[in-house]
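The chain contents come next:
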Amino acid sequence: MSIIQRQVVWNIASSVMIALVIAATFIIVFPISDWSELWNRHFMDIPFIIFIPAFSIALGILLGIFSGIYWRRQFQAVEYSLHQLEQGKQGGSDEKQAISEMQSIAEQIDKIGRQMSEQAKLSQRLATEKVEDQEARIQEIIEQERNRLARELHDSVSQQLFAASMMMSAINTTRQGANEEDREAKQLKMVEEMIHQSQLEMRALLLHLRPVALKNKTLQEGIEELLIELSQKVTMEIKWKVEAFPLDKGIEDHLFRILQESVSNTLRHSKSNKLEVLLIKRDDLVILRIVDDGIGFEVETKKAGSYGMQNMHERALEVGGTLKVVSVKSKGTRLEVKVPVMTNGDGVND
């Protein structure tokens, strides 16, 4: 039974009972000598004995309908608030209830909604912190493993390649007087070149596994440290020009990682004899340029299939810059990054 039906029934019963009580009271106070007068006496052309119950029932129906609609709206408001809570939304209403009990229920729902909202925010924050903590620990484990692998490669394979390179160089030096057409001499020379290339590959791999971090150093200091260390380990000629100027740490880190990726690619693929690095600032524009005299490559093909090139492009875009690569077969490769430096009115970096 709906709330309207229930209210109609209760109001009809109440009206009829009130009408009977009033009629009984009237009869007791003013006794009727002849009961037929109840039938003979009319009100609006309706016998009085029929009019009283009919009027009571009609009044009960009307009152029941209006009160039923009112209470149905009250319960619908409560139901809507609870539905909002179920959906994870705060179910409170700004409308003040006319009935104190309903107002109390609305306030309790609003309080529960705020508590649920706070609990949801707390749960989300804890979940985010948990994920971030897990990611940090995973990254730390990966970094430790990369460093361990880099140390082992440096202490074993890299040293062995260096020793093999020295031995082959000594053997070829002692055979300089041999016939140039000697097949064995050519093979030994080829082995020496292969060992040399393997050394370059190994150094590039170590640079990937254990990249030098800036860590309390400026970009200029990091570049010089990297290139000095590299010049002591490879035979190619390395030159650099690095100007000193302040930069945001985010830009410094991205430019340094681009340089590391580019130098690694040069060591592994270019077969170059010379490497030049330039870092300057001109008209609120930072320019990083890396040039080698290697064998070059097809830029579009390399860009489409190389994770390293894609990574460098993405890093340049992340700091609002552009990366341009020009490469000519047998002539070399030139990589240039340009990053605009945002300044305030006083000419100081934001």
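Enquirer: It is not clear to me how the overall build of the chain should be interpreted in this structure. Could you clarify?
Expert: Secondary structure summary: the chain contains nine helices and seven strands in total. Burial status across the chain gives 32% buried among its 350 residues. Total accessible area on the chain stands at roughly 23,300 Å², and carbon and sulfur atoms take up 57% of it.

Enquirer: Help me understand the pairing of strand E3 (residues 237-242), please; the structure alone is not making it clear to me.
Expert: Regular strands have side chains that alternate between both faces of the sheet. Note: E3 against strand E4 (residues 274-281), six bridges, orientation parallel. Note that in E4 the partner of Ile238 across the bridge is Leu275. Regarding the hand of the β-α-β motif, the stretch spanning E3, helix H7 (residues 249-270) and E4 is left-handed.

Enquirer: What exactly am I supposed to notice about unusual backbone geometry here?
Expert: For Lys271, which is not glycine, the phi dihedral falls at a positive 55°. With respect to the helices and strands, Lys271 occurs in the loop between H7 and E4. Of note in the backbone geometry, Asp284 takes a positive phi value of approximately 60° without being a glycine. The exposure class assigned to Asp284 is partly exposed, which follows from its relative accessible area of 40%.

Enquirer: Please explain the confidence of the model for the chain as it appears in this structure.
Expert: For any part of a model where pLDDT is low, the fine detail of the predicted coordinates should not be relied upon. Scored by pLDDT, the chain has a mean of 76; 71% of the residues are at 70 or more. For the chain, helix H8 (residues 299-305) is the element with the lowest average pLDDT, namely 61, and E4 is the one with the highest, namely 95.

Enquirer: Hey, could you run me through a nonpolar patch on the surface in this one?
Expert: On the surface, Phe55, Leu59 and Leu63 cluster together to form a nonpolar patch covering roughly 270 Å² of accessible area. Counting through the fold element by element, Leu59 comes out in helix H3 (residues 48-86).

Enquirer: Is there a simple way to think about the pairing of strand E5 (residues 285-292) in this case?
Expert: Pairing of E4 with E5, which is carried by seven bridges, proceeds in the antiparallel orientation. Note on E5: the bridge partner recorded for Val277 is Ile290. Here E4 folds back onto E5, and the loop between the two strands holds three residues, one of which, Asp283, carries a positive phi near 55°. Relative to strand E7 (residues 332-340), E5 is paired through eight bridges, and the arrangement is antiparallel. Looking at E7, one finds that Ile287 is bridged to Lys338.

Enquirer: In this structure, what is going on with the side chain of Thr266? I would like to understand it.
Expert: Structurally, the position occupied by Thr266 is in helix H7. Among the residues examined, Thr266 registers a relative accessible area of 5% and is labelled buried. Sequence-distant contacts of Thr266, defined by excluding residues within four places in its chain, comprise Met236, Lys271, Ser272, Leu275 and Asp292.

Enquirer: Help me understand H7 in this model?
Expert: Turn by turn, an α-helix covers 3.6 residues, leaving residues three or four places apart pointing in a common direction. Its 22 residues place the ends of H7 30 Å apart at the C-alpha level, agreeing with the 32 Å of an ideal helix rising 1.5 Å per residue. The buried fraction of H7 is high, at 16 of 22 residues. Following H7 by one or two positions, Lys271 has its phi on the positive side, about 55°.

Enquirer: Help me out: how do you make sense of the sheet that holds E7 in this one?
Expert: Consider a sheet: its strands pair through backbone hydrogen bonds, and that pairing is either parallel or antiparallel. With respect to topology, five strands assemble into an open sheet ordered E3-E4-E5-E7-E6, the strand pairing being mixed. One side of each edge strand has no neighbouring strand; the edge strands of this open sheet are E3 and strand E6 (322-328). Direction aside, the axes of adjacent strands within the sheet are offset by 10° on average. Those strands touched by helix H6 (residues 219-231) are E3 and E4, and its axis lies near 170° from that of E3. Packed onto the sheet, H7 meets E4, E5, E6 and E7 and runs at close to 10° relative to E5.

Thresholds applied
- Residues numbered from 1 in each chain as written.
- Predicted model: local features only at pLDDT ≥ 70, side-chain atom pairs only at ≥ 80, totals over all residues.
- Heavy atoms only, no water.
- Helix = DSSP H or I, 4+ residues; strand = E, 2+ residues; numbered from the N terminus.
- Buried < 20%, exposed > 50% of the residue type's maximum accessible area, 1.4 Å probe, protein only.
- Areas by Shrake-Rupley, 256 points an atom, 1.4 Å probe, with all protein chains shown as cover.
- Pairing = 2+ DSSP bridges.
- Right-handed = clockwise from strand over helix to strand, strands pointing away.
- pLDDT = per-residue confidence, 0-100.
- Patch = residues over 30% accessible without salt bridge, like charges linked within 9 Å, V, L, I, M, F, W, Y side chains within 5 Å.
- Salt bridge = Lys/Arg side-chain N within 4 Å of Asp/Glu carboxyl O.
- Contact = heavy atoms within 4.5 Å.
- Expected span 1.5 Å × (residues − 1).
- Axes fitted to C-alpha atoms, helices over the stretch in contact; angles between N-to-C directions.

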